[in-house]
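What follows is each chain in one-letter form.
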Amino acid sequence: MTTTPAPRAPLGSLPPREHLRLGQIATVLDVVIPVYNEERDLEPCVRRLREHLARTFPYGFRITIADNASTDRTPEVAARLDDALDEVIAVRLEEKGRGRALRAVWSLSDAPVLAYMDVDLSTDLNALLPLVAPLISGHSDLAIGSRLSRSARVVRGPKREFISRAYNLILRGSLAARFSDAQCGFKAIRGEVAARLLPMVEDTGWFFDTELLVLAERAGLRIHEVPVDWIDDPHSTVRLVRTATDDLKGVWRVGRALATGGLPLDRLARPFGDDPRDRELTGVPGGLARQLVGFCVVGGLSTLLYLGLFSLFRLGAGAQLANAAALLLSALANTAANRRLTFGVRGRDRAVRHQAQGLVVFAIGLVLTSGSLAALDAAGGTAAHGTELAVLVSANLAATVLRFLLFRAWVFPDRERRDDDDLAGPPYPSHDRNGPIGPIGPNDPNDLTRSAR
């Protein structure tokens, strides 16, 4: 059995999710099992999984064994299973790395739903159908098994329990992740999402899962979580210290990329479903309500920053100088935050121009606030610090309305975001740290070939 590359997703945002047309698809689900030196566990795992799918999964399926450069008899076992079972194929990569194996096999698969699980089958297989059902129905884009859900039942030692929970706390604190379990080896993704998302994932090892989920969540894709029953494998070959170190490096790299807007996450955006409440209404600007909420949140935080800076600068400078410095710094932060969070403009393109336009808006705010302070001084005497703050807050509220209108109509117009999508190049080619995946040759370090018979 061979696989053909999935069609490349077109530019622009993803289409609305739809229920798969199952009657027209021979293979609905492709379950990948990445392995490295698993000659003992591989055959019983694959046979057990195949029997479970044949008994419980109502559609066509395939099991793909992804051998990560094993040095024992794993390739022979995989080849034997490939020969004996119609639903099983074996592929081999000449380099290690779970992320490398998943990206290579998923990129070549023609199945509309892609999944993977660890060879030890620590997760109860009864969770497999609930895992992929939301992807088949069109409800979700990705699905993950969670060992940290309240209704999950987990048997493992205190060391692994502590590391798992500590790692997920780090993700929540540093990358604002909302999913509960990043590293559970039990995940699934829709094929068209994988075609767009995989080229953006750089890691080829254990951090692959986390990076995939963080990018998907930041792009607004829906991640479904399934509580699982999970029993720890005491013979696991995962090196915890090295894996934890690599994961922390990955957290830093992804966090930096997200902070600088270096990832084209707009290509992963999903429109709302076919709900009459989501259809465009004549005379109502698209996204106005969401932009107003985002602008108000950013504005509130900017105002707090501005007042704090003004109070700090006022200790060593006059009111006018303190106001100008505080307004300048808070304006730069406000423009950057509104650019990304309120109006959804990512990447470095036109960032300098946007800041320059934001400074023009800042100048208008400076005129309003400085004029208010001048009027206060002209009203008589030296005003109390509290009075100065009250006047500045009032002036800032007046400037806020004008700032939003200028941002929406001039600095970040809707047509600019459409133009950015039109001018965007083709999706990034699949890559890893050693270069692109494919074309595949016999001596290619990313060789993805059928195991030798």
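Heads up: the structure comes first, above all this text.
To start, this report covers the structure provided alongside it. Keep in mind it's a predicted model, so treat the numbers as computed, not measured.

What counts and how
Position numbers for residues start from 1 in each chain and track the written sequence from start to end. Two thresholds apply to this predicted model, a pLDDT of at least 70 for residue-level local features and 80 or more for giving and counting side-chain atom pairs, whereas whole-chain, interface and lining totals are computed over all residues. Remark: hydrogens and water are excluded; side-chain values derive from all non-hydrogen atoms of the structure. A run of H or I in DSSP counts as a helix once it spans at least four residues, and a run of E counts as a strand once it spans at least two, with each numbered from the N terminus. In this scheme, a residue with accessible area under 20% of its type's maximum is buried, one over 50% is exposed, and one in between is partly exposed, where area comes from a 1.4 Å probe on protein chains only. Residue contacts are defined here by distance: any two heavy atoms, one from each residue, within 4.5 Å place the two residues in contact. For Phe, Tyr and Trp, where Trp contributes only its six-membered ring, two rings pair if their centres lie within 6.5 Å, and the inter-plane angle classes them as stacked under 30 degrees, edge-to-face over 60, or tilted in between.

1. Let's talk about the overall build of the chain
Helix and strand content of the chain: 13 helices and 12 strands. Here the chain holds 453 residues, and 46% of them are scored as buried. Within the chain, contacts between residues separated by at least 24 positions form 80% of all contacts whose residues are at least 6 apart in sequence.

2. Things to note about helix H7 (residues 208-218)
By the criterion of burial, H7 is predominantly enclosed, with 10 of the 11 residues buried. Within H7 the residues assigned to the buried category are Phe208, Asp209, Thr210, Glu211, Leu212, Leu213, Val214, Leu215, Ala216 and Glu217. Note on H7: the residue one or two positions beyond its end, glycine 220, has a positive phi of about 90 degrees.

3. Points about the packing of aromatic side chains
Any pair of aromatic rings gets described here by the distance separating the centres and the angle formed by the planes. The tally for this structure, following the rule as stated, stands at 7 aromatic pairs. Where phenylalanine 295 meets phenylalanine 407, the ring centres are 6.3 Å apart and the plane angle is 80 degrees; that geometry is what we call edge-to-face. Taken together, the residues span a long stretch of sequence, with phenylalanine 295 in helix H9 (residues 288-314) and phenylalanine 407 in helix H12 (residues 385-411) at a distance of 112 residues. A relative accessible area of 4% means that phenylalanine 295 is categorised as buried. Put simply, the rings of Phe295, Phe404, Phe407 and Phe412 pair up and form one aromatic cluster.

4. Details of unusual backbone geometry
With phi around 50 degrees, leucine 121 is a residue other than glycine that occupies positive phi space. Position of leucine 121 among the secondary structure elements: in the loop between strand E4 (113-117) and helix H4 (128-137). A positive phi angle, near 55 degrees, is found at alanine 176, a position not held by glycine. Topologically, alanine 176 is positioned in the loop between helix H5 (158-175) and strand E7 (186-190). You can call alanine 176 partly exposed: its relative accessible area is 42%.

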